Amino acid sequence: MTTPVQFVRPDTPLTEVIRTLNACHISGLAVCDHQDRLVGEIGAKDLMVRESGLEPGPYMVFLDSVIYLRNPLRWEREVHQALGETAGDVMNRSPHTCTPTLRLQGAAALLHDAGTERLFVVEKGELIGVFSRADLIRAMAAEGGAT
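Residues numbered from 1 in each chain as written. Predicted model: local features only at pLDDT ≥ 70, side-chain atom pairs only at ≥ 80, totals over all residues. Heavy atoms only, no water.

Some words on the pattern of salt bridges
For the structure shown, the criterion picks out five salt bridges. A salt bridge links E41 to R118; the nearest nitrogen and oxygen atoms lie 3.3 Å apart. Taken together, the residues span a long stretch of sequence, with E41 in strand 3 (residues 38-43) and R118 in strand 7 (residues 118-123) at a distance of 77 residues. Assigned by exposure class, E41 and R118 land together as buried. (Salt bridge = Lys/Arg side-chain N within 4 Å of Asp/Glu carboxyl O. Helix = DSSP H or I, 4+ residues; strand = E, 2+ residues; numbered from the N terminus. Buried < 20%, exposed > 50% of the residue type's maximum accessible area, 1.4 Å probe, protein only.)

So, in structure tokens, the structure goes:
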């Protein structure tokens, strides 16, 4: 687990988010409200939509109407991400979390199953650390290569 946790506020401009990610050599940040409660996470994957542009995806025309054949909720999220200006606009509002008592195998399973790069470690509602895939590899190496 890594402490202290680097975080930004929902109103942090994306330019500052990008500078922080670059300066800290990390791929994601916690997003905390002004009471320091974890409200989201933002990572390189969330910022890629902005840079890669939007593709409307497959569609069909029926009776002079355009019907898009992709999930409208996903499309709406991608539009919001592409047009967003702050961390709150772009962040994932369901951050991946775990408790500090989670064993290494459980953390590995959560990272794998969720397809995420990091788990924010929360205890009694307080953000106390972040456990990343790099932390997992270091822990596995310290244990002799296997969990």
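Structure's up, so let's keep going.
Describing the environment of G125
Note that G125 resides in the loop between strand 7 and strand 8 (126-132). Using a relative accessible area of 54% as the deciding quantity, one classes G125 as exposed.

What about the nonpolar core?
Core analysis: the largest hydrophobic core is formed by 11 residues, namely V8, L14, V17, L21, L29, V31, I42, L47, A87, V90 and M91. Elements with a contribution of two residues or more to this core: helix 1 (14-24), strand 2 (28-32) and helix 4 (87-90). The residues touching V8, leaving out its near neighbours within four places in the chain, are V17, L29, A30, V31, C32, I42 and A87. Of all hydrophobic cores here, the second largest spans eight residues; its members include L104, A107, F131 and L136. (Core = buried A, V, L, I, M, F, W, Y, C linked by side-chain atoms within 4.5 Å. Contact = heavy atoms within 4.5 Å.)

Here we look at a nonpolar patch on the surface
A cluster of nonpolar side chains, M60, F62, L63, I67 and L69, forms an exposed patch at the surface whose accessible area comes to about 510 Å². Looking at where L69 falls in the secondary structure, it is placed in the loop between strand 5 (65-68) and helix 3 (72-83). (Patch = residues over 30% accessible without salt bridge, like charges linked within 9 Å, V, L, I, M, F, W, Y side chains within 5 Å. Areas by Shrake-Rupley, 256 points an atom, 1.4 Å probe, with all protein chains shown as cover.)

A closer look at helix 5 (residues 104-114)
Within helix 5 the residues assigned to the buried category are L104, A107 and L111. The arc that holds every buried residue of helix 5, seen down its axis, measures 65 degrees, which confines them to one face. Every exposed residue of helix 5 that faces more than 90 degrees away from the buried side is listed here: Q105, H112 and D113. Contacts made by the buried residues of helix 5 are with strand 7, strand 8 and helix 6 (133-142). One or two residues past the end of helix 5 sits G115, with phi positive at roughly 65 degrees. (Arc of directions from axis to C-beta.)

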